Amino acid sequence: MKVLKKALLLATIGGSLFATAASAEQVNLTWQMWTGSDADTKGWQHLADMVTAKYPDIKVALTTTGWVDYWTRLPVLAASGQLADIVSMQSLRMPNFYSLLEPLNDRIAADKFDVGAFTPSIIGGMSVDKQLYGLPYDVGPWVIYYNQDALEAAGVPLPKPGWTLAEFTDAAKKLTKDGKYGFGITPQNYSVLAAAWGDKYVNDAGELDLTNPSAIAAAERVIGFAAKDKVAPLVPSSADAGTVIQGRFYSGNVAMYVDGPWSIIGMKDKVKFKIGSTSLPRGDSELTAVTAGSGFGIATTSKNKDAAWKAIQVLTSPEALQYLAEQGRALPARTASQSSWYKVAAKDITNGGEAIDYSLAHSVPYVITNNWAAVENLFNQYFPPAFGGSADAKQTMESIQSLAQQ
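Just so it is clear, the model here is predicted, and its values are computed rather than measured. (Residues numbered from 1 in each chain as written. Predicted model: local features only at pLDDT ≥ 70, side-chain atom pairs only at ≥ 80, totals over all residues. Heavy atoms only, no water.)

1. Let's talk about the overall build of the protein
Along the protein, the regular secondary structure elements total 18 helices and 13 strands. With respect to the three principal axes, the spread of C-alpha positions in the protein is 100 × 45 × 35 Å. Classification of the 406 residues of the protein by burial places 52% in the buried group. About 18300 Å² of surface is accessible on the protein, with carbon and sulfur atoms providing 53% of the total. For the protein, the separation between the mean place of its 34 positive charges and that of its 38 negative charges on side chains is 7 Å. (Helix = DSSP H or I, 4+ residues; strand = E, 2+ residues; numbered from the N terminus. Buried < 20%, exposed > 50% of the residue type's maximum accessible area, 1.4 Å probe, protein only. Areas by Shrake-Rupley, 256 points an atom, 1.4 Å probe, with all protein chains shown as cover. Lys, Arg positive; Asp, Glu negative; His and termini not counted. Charge placed at Lys NZ, Arg CZ, Asp CG, Glu CD.)

2. Structural notes on the sheet that holds strand β9 (residues 256-259)
Taking strand neighbours across the sheet as the criterion, the three strands line up as β9-β8-β10 in an open arrangement whose pairing is antiparallel. Among the strands making up the open sheet, the edge pair consists of β9 and β10 (275-278). Averaged over all pairs of adjacent strands, the angle between strand axes in this sheet comes to 30°, irrespective of strand direction. Both strand β8 (residues 143-147) and β9 contribute to a ladder of four bridges, which runs antiparallel. (Pairing = 2+ DSSP bridges. Axes fitted to C-alpha atoms, helices over the stretch in contact; angles between N-to-C directions.)

3. Section: the pattern of salt bridges
Close approach of charged atoms allows side chains with opposite charge to pair. The full count for this structure, using the stated rule, is six salt bridges. Among the ionic pairs, Lys 268 bridges to Asp 348, the shortest N-O distance being 3.9 Å. Taken together, the residues span a long stretch of sequence, with Lys 268 in helix α12 (residues 264-268) and Asp 348 in the loop between α15 (338-344) and α16 (352-361) at a distance of 80 residues. (Salt bridge = Lys/Arg side-chain N within 4 Å of Asp/Glu carboxyl O.)

4. Examining the pairing of strand β11 (residues 289-292)
The two faces of β11 match: Ala 289 and Thr 291 on one face and Val 290 and Ala 292 on the other face are all buried. Pairing of strand β7 (residues 140-141) with β11, which is carried by two bridges, proceeds in the antiparallel orientation. In the sheet register, Pro 141 faces β11, and the bridge partner there is Thr 291.

5. A few points about the environment of Leu 165
Here Leu 165 is to be found in helix α8 (residues 165-175). Beyond its immediate sequence surroundings of up to four residues, Leu 165 is in contact with Trp 197, Arg 221, Phe 225, Pro 281 and Arg 282. (Contact = heavy atoms within 4.5 Å.)

6. A look at the packing of aromatic side chains
Scanning all chains against the criterion turns up 33 aromatic pairs. Ring geometry for Phe 383 against Phe 387: centres 6.0 Å apart, planes inclined by 45°, an arrangement best described as tilted. Here the residue Phe 383 and the residue Phe 387 both occupy positions in helix α17 (residues 372-387), the gap between them amounting to four residues, near one helical turn. In terms of burial, Phe 383 and Phe 387 fall into one category: buried. (Phe/Tyr/Trp six-rings, centres within 6.5 Å; stacked < 30°, edge-to-face > 60°.)

7. Points about unusual backbone geometry
Positive phi is not limited to glycine here, since Lys 112 has a value of about 50°. Examined against the element boundaries, Lys 112 turns out to sit in the loop between α5 (105-111) and α6 (120-125). Its identity is not glycine, yet Asn 351 carries a phi of approximately 60°, on the positive side. A relative accessible area of 15% places Asn 351 in the buried class.

8. A word on the side chain of Asp 40
Mapped onto the fold, Asp 40 is located in helix α2 (residues 38-54). A relative accessible area of 14% means that Asp 40 is categorised as buried.

In structure tokens, the structure reads:
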């Protein structure tokens, strides 16, 4: 009996030690991500499950919040030491938050990870000072969406990618009639359009430079759509200007507006007309279309960085990005995966694939400053009065430049 008890005791101890060892091998990662719907959340959870499917010893706990709340909470979580292991990051916000993330260059070199499989402009967008801080899952160039029914009724030829600013302006004038407008302009369109035309609003040192002749000339064109040519409606001095213009496009009140491929799925459900798309209008030279996108980085505070590196490779793998593409969720950052998105999201959009292809072929990273959120807030405040004619381009840019430097 004593021998049996001793054997049972040893077995119990051995089992306990085995369980402890097994537990030590299990890695529990946390991942914070934004979401816009239950379907959106299910998609991200699917990706989290893909990590465990490839690495059974890694579990990923997903936490989601809405888009606005995500960026409000991020600095709070960082300050309180509560960042997740995997931090989702948008390229336009990378200059503000890259210090929260682990540089990836050494890991990429050690594993010979192929960053060349991704669209170059989004690799640039997820980098700061030549250090990559996140692997991207999507990329999107800004393009022009148009109401094809309105263009055909006005006798305006459907625009081809690569069209000029003069052709665009002529079309907008012909489409402006009967209380409807040819183009919907927002304050935040300034930098997107300035870049497309080759005008510089940030100097070579990375500093905001809105008062140089090139930047002011671009502002004069943008403001002129509403103040001079009267082809664009006025917008409120608030962050809601983009939502207002998008709504007016959906309702048929404006015939063209600027947006990205991320809006296509929702757009098709809300309009009653045929949608087409084309590139942003170019200036006197080749188009330089800015792109944005998002990806996943590793928090500097993570205690599981090796596992997080494995996880973000799965989250941005060809299989994961094909899944997102087939859901219509994102234009994949991997070039080889983009055809899947075209088949789902762009299939009912006239020239949808062509517009994206052309824009990506002429794309550059979106050049912004480390205080870009504040700059965009000033755009939202100072451009609308200029659209109404109460200030010219030079005055507007001088005001924004001065306040942005305070």
